[in-house]
Amino acid sequence: MSLHPNTQAVRIQTPRTNEMEHSTPLFLTSSFCFDNSEEMRAAFAEENDSNIYSRFSNPTVQEFIDKMCALEGAEAGFATASGMSAIFGVFMAFLSSGDHLLSCKSVFGSTHTIITKYLQRWKIDYSYADIKHPETWESLIRPNTKMIYVETPTNPGLDIVDMEWLGALARKHNIILLVDNCFATPVLQKPIDYGADLVLHSATKWLDGQGRVLGGVVVGKKELIRDLYLFCRNTGPSISPFNAWVLSKSLETLDVRIQRHCDNAEALVKALEGHPKLNSIKYPFHPSHPMYEIAKKQMTRGGGLVTFDLKGGVEAGKKFMDALQMLSLTSNLGDTRSIASHPPSTTHSKLSREEQESVSITPGLIRISVGLEHASDIIADIMQALDKC
Ligand SMILES: Cc1ncc(COP(=O)(O)O)c(C=O)c1O
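Please read these numbers as outputs of a predicted model, since none were measured by experiment.

Participant: For this particular structure, what's the right way to read the overall build of the protein chain?
Facilitator: Counting secondary structure elements, the protein chain contains 14 helices and 12 strands. On C-alpha atoms alone, the protein chain measures out to a radius of gyration of 21 Å, which is about the 21 Å that the 2.2 N^0.38 rule sets for 389 residues. With respect to the three principal axes, the spread of C-alpha positions in the protein chain is 75 × 55 × 35 Å. Within the protein chain, the proportion of its 389 residues that are buried is 47%. Here the analysis covers contacts within the protein chain between residues at least 6 apart in sequence; of these, 73% occur between residues at least 24 apart.

Participant: Would you explain the nonpolar core in this entry?
Facilitator: As a rule of thumb, soluble globular proteins bury nonpolar side chains together. In this structure, Val90, Leu178, Leu268 and Val306 are the most contacted members of the largest nonpolar core, which totals 106 residues. Here this core spans two domains, since at least three of its residues come from each of domain 1 (5-251) and domain 2 (254-387). In this structure, Leu268 is in contact with Val306, Ile368, Val370, Ala375, Ile378, Ile379 and Ile382, ignoring residues within four places of it in sequence.

Participant: When you look at the sheet that holds strand S4 (residues 145-151) in this model, what are you seeing that I'm missing?
Facilitator: Strand-to-strand pairing in sheets goes through backbone hydrogen bonds, with the strands running parallel or antiparallel. Across the sheet, 7 strands lie side by side as S1-S7-S6-S5-S4-S2-S3; this open sheet has mixed pairing. Only two strands of the sheet have a single partner each, and these edge strands are strand S1 (76-80) and strand S3 (125-129). If you compare each strand with its neighbour and ignore which way they point, the axes differ by 20° on average. By the bridge criterion, 4 bridges tie strand S2 (residues 100-104) to S4 in an arrangement that is parallel. Within the sheet, the bridge partner assigned to His100 lies in S4 and is Thr145. Its contacts with the sheet put helix H8 (residues 222-235) on S1, strand S6 (198-202) and strand S7 (216-220), and the angle it makes with S1 is roughly 30°.

Participant: What exactly am I supposed to notice about the pairing of S6 here?
Facilitator: Across a regular strand the side chains alternate sides, sitting on one face of the sheet and then on the other. Across the 5 residues of S6, 5 count as buried, placing the element largely inside the fold. Note: strand S5 (residues 176-180) against S6, 3 bridges, orientation parallel. The residue bridging Val179 from the neighbouring strand is Val199, located in S6. Where S6 and S7 come together, 5 bridges link them in antiparallel fashion.

Participant: Hey, could you run me through unusual backbone geometry in this one?
Facilitator: Phi is mostly negative for residues that are not glycine, and the peptide bonds are mostly trans. Cis geometry is adopted by the peptide bond preceding Pro153, which originates at Thr152 and carries an omega value of -10°. Following the sequence through the fold, Pro153 ends up in the loop between S4 and helix H6 (163-172). In this chain, Asn155 is followed by Pro156 through a cis amide linkage whose omega measures 0°. Even without being glycine, Met20 reaches a positive phi, approximately 60°. Within the element layout of this structure, Met20 appears in the loop between helix H1 (5-11) and helix H2 (37-44). Even without being glycine, Glu46 reaches a positive phi, approximately 55°. Inspection of the secondary structure puts Glu46 in the loop between H2 and helix H3 (59-72).

Participant: So what exactly am I meant to see when it comes to H3 here?
Facilitator: Residues spaced three or four apart along an α-helix face the same direction, because each turn holds 3.6 residues. If you check H3, its first and last C-alpha atoms are 20 Å apart, about what 14 residues at 1.5 Å a residue would give, namely 20 Å. Burial analysis of H3 places 12 of its 14 residues in the buried class, which makes it a mostly covered element. Looking at the packing, one finds that the buried side of H3 touches H1, S1, helix H7 (185-188), S6, S7 and helix H9 (241-251). Gly73 occupies a position one or two residues after H3 and carries a positive phi of about 70°.

Quick notes on the rules
Residues numbered from 1 in each chain as written. Predicted model: local features only at pLDDT ≥ 70, side-chain atom pairs only at ≥ 80, totals over all residues. Helix = DSSP H or I, 4+ residues; strand = E, 2+ residues; numbered from the N terminus. Rg over C-alpha atoms; globule rule 2.2 N^0.38 Å. Buried ≥ 20, exposed ≤ 12 C-beta atoms within 10 Å, placed from the backbone. Contact = placed C-beta atoms within 7 Å. Core = buried A, V, L, I, M, F, W, Y, C linked by C-beta atoms within 7 Å. Domains from an automatic or database assignment. Pairing = 2+ DSSP bridges. Axes fitted to C-alpha atoms, helices over the stretch in contact; angles between N-to-C directions. Expected span 1.5 Å × (residues − 1).

So, in structure tokens, the structure goes:
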């Protein structure tokens, strides 16, 4: 019987133990036993797929990976301790000295640091491509370009890359296409359908969805995941089985949670339309979004993140944040609890004004991660804070 991916996210489970538990068990163990030396030899020789050590594999971790593969339509996967260890692990597994990485310029801050600061140590070069000018990307590809890396929608600019176009470009030049699908989740878009070879997530965000654990996951083509596995098995960025257990349980409710996040985000966008304190609102499924048509083509809904630009700039941004009564001021996103952030005075304060502008960050930019509280309460808190700035 072939099951819908949402059903698989609920029903995939490690084989039931003799205790006949209904909810999935947690294998919180560093290593696994063998009945005799021959079994142990065969496991190390990879003649079977027995678990050896939780840095290599673990049944609870595998359950989380299997669910993510079902949701993303992927052949295989590997789970890591955080989103950043997933990103660094993929770069290290596939890029060698002398290689070139083509990345979209709007990437998460720590990813930017890895690309611009640490990859240089291994003589791995990069070019940044402007998401607003796709016509310039092909000219940035070099004979040694090994990988194309993009986030879509981007953090925090909510810009969108046309994955159908990018998938064709990567195929034409035989380059690995890696997509950070953290903001959309597989509920809203499946990059593999558009030609991505690898898809990764900060599972810390919407996949957990309740602000509890750090985690990361990479899924994609079997032969590429095998190389990533061999690199990670030796270098050790593996996820804790406990965190994988939490994340596996979270995936059972991913679809319903994301649908409600989208409902609340849409209600917020509607309430903010035409507000006199705002220059603009940005939401992938709002017709004013510059990449609205692309978002509609590749996403099923607009997601749980909404940004707006306050007319009063940086000062208004700080006042808005201080006036909030319910929304949390915290540097996470994708939680049941709504979260506000002001990127120009916090996460992106080290960028120059020009650099901020080029990744769609204006002085008055506020990012709202719309939670699962009743929409009327989220809207009321934001409206009263807008009155005060
Ligand atoms: C798009 C994106 N990718 C990667 C990361 C890093 O993930 P983690 O914090 O789990 O290491 C983040 C964190 O905010 C993110 O927003």
